[in-house]
Amino acid sequence: MYVATKGGEQAIGAAHAWLDEIRRGDPAQPAIDVAQIEDQLGLAVDRVMAEGSCHDRGLAALAVKQARGDLIEAAFLLRAYRTTLPRFGASAPLDTARMAIRRRISATYKDLPGGQVLGPTFDYTHRLLDFRLAAGDAVPPPAPTAMPDPAPSPRVTELLAREGLMQREVDAGAEPGDLTRAPLAFPADRPLRLQALARGDEGFLLGLGYSTQRGYGNNHPFVGEIRVGDVAVEFTPPELGFPVEIGEIGVTECQMVNQFTGSRTEPPQFTRGYGLVFGHAERKAMSMALVDRSLRAGELGEDTTAPAQDQEFVLYHCDNVEATGFVEHLKLPHYVDFQSELENVRTMRETALKAAGE
Amino acid sequence: MTGTTQAPSPPTGGRGSGEGGTRDPGYNFAYLDESTKRMIRRAILKAVAIPGHQVPFGSREMPLPYGWGTGGIQVTAAILGPADVLKVIDQGADDTTNAVSIRAFFRRVAGVATTERTAEATVIQTRHRIPERALHEDQVLVYQVPIPEPLMRLEPRIAETKRLHAMADYGLMHVKLYEDIARHGHIATSYNYPVMVNGRYLMSPSPIPAFDNPKMDRMPALQLFGAGREKRIYAVPPYTPVRSLDFEDHPFRPIRAQHPCTLCGSTDSYLDEVLTDDVGGRIFVCSDTDWCGERQQAKAAVE
Amino acid sequence: MAETRFPGFADPVLDAQAGFRAVLEAMSRPGRVRRVPAPPEVPPGLSPAAAAVLLALVDADTRLRIAAGAEAEAWVRFHCGCPVVAEGADFVLDPAAALLSLEAGTEEEPERGATLLLEVAALAEAPGWVLTGPGIRARHRLRVEGAPAGFLADWAASRARFPRGVDVILCAGDRIAALPRSVRIEEG
């Protein structure tokens, strides 16, 4: 006689025990240290911080380890942790003009105040597998150092704006919304859009940004500037009434300069696409800047025909924690729905076959 | 400020099975912090006051994935008290893996009593089914909802569907159902069958089989719906009229496999089809495991 | 920050849950009278029921319009940390508040309609008003002593705006009853 399967709880327990075992791997191998991940897989950690929307390198490294290197799973772990944290308030806006710069490049000027600083980059490396890394990875000789340029590094977009060639961003003065507290409503204003993009999936934004270059909502972009480094975070405790520095975070900022032919109210000028991402994440910051600009099409009076210009399409689908949950939920049992579909299709087949026979 | 948020120890991903009755002191009661609960509670009250209307809420990331019941879990966490008895079902069954996982989550973070018996539960969280046993006034049914917007398949833009709800303009859905009839001779929607609530709002009943739709109509229990990823909560208050959309000449007819349950003999419950071999052997058993178990026990007692 | 000598809930987590469930029950079954867990002592100007509802539902994310005396206002500012406003409030506890002048939401976002807390002298499940609508099997009877003059006429006018509207929580002593905007009220 048929007996329904029972013991879901035991099966789940056993599956998790297996997961623990396989995560640790061969016990003959040394376990990876969280500090090693934080240090040597730093770009994975950066991506998890950005998409997990929580700046904590140690926790992000722990999440990478726990997730067996699955970075979307790691971002999810960090997000779920983030929501349990108490909120003390909002920091002052970051001043990236005062960034301690590790890397700073502009594609629009050959040279500029503050100079071009290449920093640690994959650019110009030849993508040849380096078999020395598999054979021990000896400590490389220290990289040459130079005295930092004492001249300030003004942002390229600011230099253009002083000439009136770059549209100024106006602080509306209103308290920006918070998409972690209230759901998006459309049309979403730019602060909310940037929040969503900053935690959005790198791959999704990369694809969308790429699509704008291939004619799906062309923005004529130039990299005005990319800068990578540490910026101070300031917070004004209500009891003090003045801002105090509470730490530094590493960020990547990209400002794209885009042509704009003008509208009835605005003269021809350049407009800005903006990207700001936790950690060192140039690809993400650039993609974000491209998509930010394409999402401004409506307010700049341009046609909105391409996917990257469609707020609802972009913002509802860029979050990989939401996306992965819903895609993967298809693994859950659906046999009740499937059963009703089975009966439905059987009925429709009967009707159709009968009609064909007549 | 008394925003009694506590910083719990880092969650471990919600796995493992907590023991009933002992609450993990590392978390606030029912996991959510108090300000999140208040936000959800306010949304629930407005949802009850406007039956069938989707109220946006600041859905949080939960330690379970979006699409796996985070909306239902947040609603349950916001209403649950220590005196509640919780039942969780998925596909009608208490022992499906995700139901087991969610039940274990609440045992761990709220320490509430859990049950598999529909009659004993005060809060029932469900995915895809309404229990066969009629619910009573002292119960709350919490649905996990993947897509709260009944019009989404026809109009994916939320800004647009909001406008249609505001004007109670449901022509799109009527046209869709009518096209079904023109093509197939009947309405081809067999689950997630749209309903009108109190004659005003078109509502998704969540992907329950259409067979269950009539149970929603004038149900004595409060029905709450949580969609975590889509960040919407809606409700059907007790005894509220819920009508499955149909046409006079094509009345709503719920579908059920035309078999008795192999285990309990029930001829009026919703059935799962179970394949018993690879040459077409199959049996049909109740999808509601508690209902089926009770009937089997009653039969055994008589014999 | 405001100071008050009056306490909040004895158990902030579980009393808030019980208070909310009482409101949920009341809102789901309009006209049914429910007891709420009151704080040990309440400031003058507030019934224990109104105090419990405020503690359970109001916080820094809700705007409150309140006219219940200085002590009540100091208490609510301290325990709920909510902004106190004159207009556009989410929650209103002001005997002078006119139902039809409060925030009623929009056709697209009717949930923005305010919640009005109304202090009355007594509540009983007894003849007085006859309630029908969602949440009610046939009809509920509710006797409200001390409702504002002209309330039923205002209610009928407010209800005509559905789905826009205002939801009311009646408070008397440590008891509440609720009138969601969907409910129809007649005398009898």
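What you see is a predicted model; the values in this text were computed from it and never measured. (Residues numbered from 1 in each chain as written. Chains lettered and ligands numbered in written order. Predicted model: local features only at pLDDT ≥ 70, side-chain atom pairs only at ≥ 80, totals over all residues. Heavy atoms only, no water.)

Undergrad: Help me get a handle on the nonpolar core, residues and values and all.
TA: Note that soluble globular proteins tend to have their nonpolar side chains buried in a common cluster. Formed by 76 residues in total, the largest nonpolar core has its most connected members in Ile 44, Ile 79, Phe 106 and Leu 224 of chain B together with Leu 46, Leu 54 and Ile 176 of chain C. A total of nine residues in this core trace back to one element, the largest contributor, which is helix α2 (residues 48-57) of chain C. If we ignore the near neighbours within four places in the chain, the residues touching Leu 224 of chain B are Ile 44, Val 48, Val 75, Ile 79, Val 140, Leu 141, Val 142, Tyr 143, Tyr 234 and Ala 235 of chain B. Counting 30 residues, the second-largest nonpolar core is a separate cluster that includes Ile 105, Ala 196, Cys 254 and Ala 285 of chain A. (Core = buried A, V, L, I, M, F, W, Y, C linked by side-chain atoms within 4.5 Å. Buried < 20%, exposed > 50% of the residue type's maximum accessible area, 1.4 Å probe, protein only. Helix = DSSP H or I, 4+ residues; strand = E, 2+ residues; numbered from the N terminus. Contact = heavy atoms within 4.5 Å.)

Undergrad: Residue-level account of empty space enclosed by the protein, with values.
TA: Under the definition given, this model contains four cavities of 30 Å³ or more. In this structure, the largest cavity spans a volume of roughly 170 Å³. Around the largest cavity, the lining comprises 13 residues; the ones closest to its centre are His 53, Gln 54, Lys 162 and Arg 232 of chain B together with Glu 108 of chain C. If you tally residues by element for the lining of the largest cavity, the top one is helix α4 (residues 158-166) of chain B, at four residues. Partitioned by chemical class, the residues of the lining of the largest cavity number two nonpolar, five polar and six charged. Size it by volume and the second largest cavity reaches roughly 120 Å³. Considering the residues around the second largest cavity, the lining is formed by 16 residues, among which Gly 67, Gly 69, Gln 144, Val 145 and Pro 146 of chain B are closest to the centre. (1 Å grid on protein atoms, 1.4 Å probe; cavity = no way out; pocket = protein on both sides within 12 Å on 5 of 7 lines; lining within 4 Å. Points joined across faces, edges and corners; volume = space filled by probe spheres on them. Nonpolar A, V, L, I, M, F, W, Y, C, P; charged D, E, K, R; others polar.)

Undergrad: Can you lay out the pattern of salt bridges for me, pointing to particular residues and giving the numbers?
TA: Taken as a whole and judged by the stated rule, the model has 65 salt bridges over all chains. For Glu 61 of chain B, the salt bridge identified is with Arg 199 of chain A, shortest N-O distance 3.5 Å. Separated into two different chains, Glu 61 of chain B in the loop between β1 (55-56) and α2 (70-79) and Arg 199 of chain A in the loop between α8 (190-198) and α9 (202-213) make up a pair that spans both. The class for Glu 61 of chain B is buried, based on a relative accessible area of 6%. (Salt bridge = Lys/Arg side-chain N within 4 Å of Asp/Glu carboxyl O.)

Undergrad: Describe in detail the interface of chain A and chain B, supporting the description with residues and values.
TA: Counting residues at the interface gives 50 residues for chain A, matched by 68 residues for chain B. Of the roughly 5,100 Å² buried where chain A meets chain B, counting both sides, 58% is carbon and sulfur surface. Seen at the junction of chain A and chain B, the total is six salt bridges. One salt bridge in this structure joins Lys 231 of chain B and Glu 322 of chain A, with 2.4 Å as the shortest N-O distance. Taken together, the elements giving at least two residues each to the side of chain A that touches chain B come down to α1 (8-24), α5 (71-82), α11 (311-317), α12 (320-328) and α13 (335-357) of chain A. Of all the elements, α13 of chain A adds the most residues to the side of chain A that touches chain B, at 13 residues. Among the residues making up the side of chain A that touches chain B, the classes are represented as 20 nonpolar, 15 polar and 15 charged. (Buried area = accessible area lost by both parts, 1.4 Å probe.)

Undergrad: Please set out the packing of helix α4 (residues 57-66) of chain A against α5 of chain A residue by residue, giving values where relevant.
TA: Each pair of packed helices gets described by two things: the angle between the helix axes and the distance between those axes. Residues and elements named next belong to chain A. Here α4 crosses α5 at 130°, and the two axes come no closer than 8 Å. When the axis of α4 is compared with that of α5, the two are oblique. The handedness of the crossing between α4 and α5 is right-handed. Contact with α4, carried on its side by Leu 59, Ala 60, Ala 63, Val 64 and Gln 66, involves Leu 71, Ala 74, Leu 77, Leu 78 and Tyr 81 of α5 and no other residues of that element. Taken together, the residues of the contact of α4 with α5 sort by class into nine nonpolar, one polar and no charged. (Axes fitted to C-alpha atoms, helices over the stretch in contact; angles between N-to-C directions. Parallel < 35°, antiparallel > 145°, perpendicular 65-115°, else oblique. Left-handed = near helix turned anticlockwise from the far one by under 90°.)

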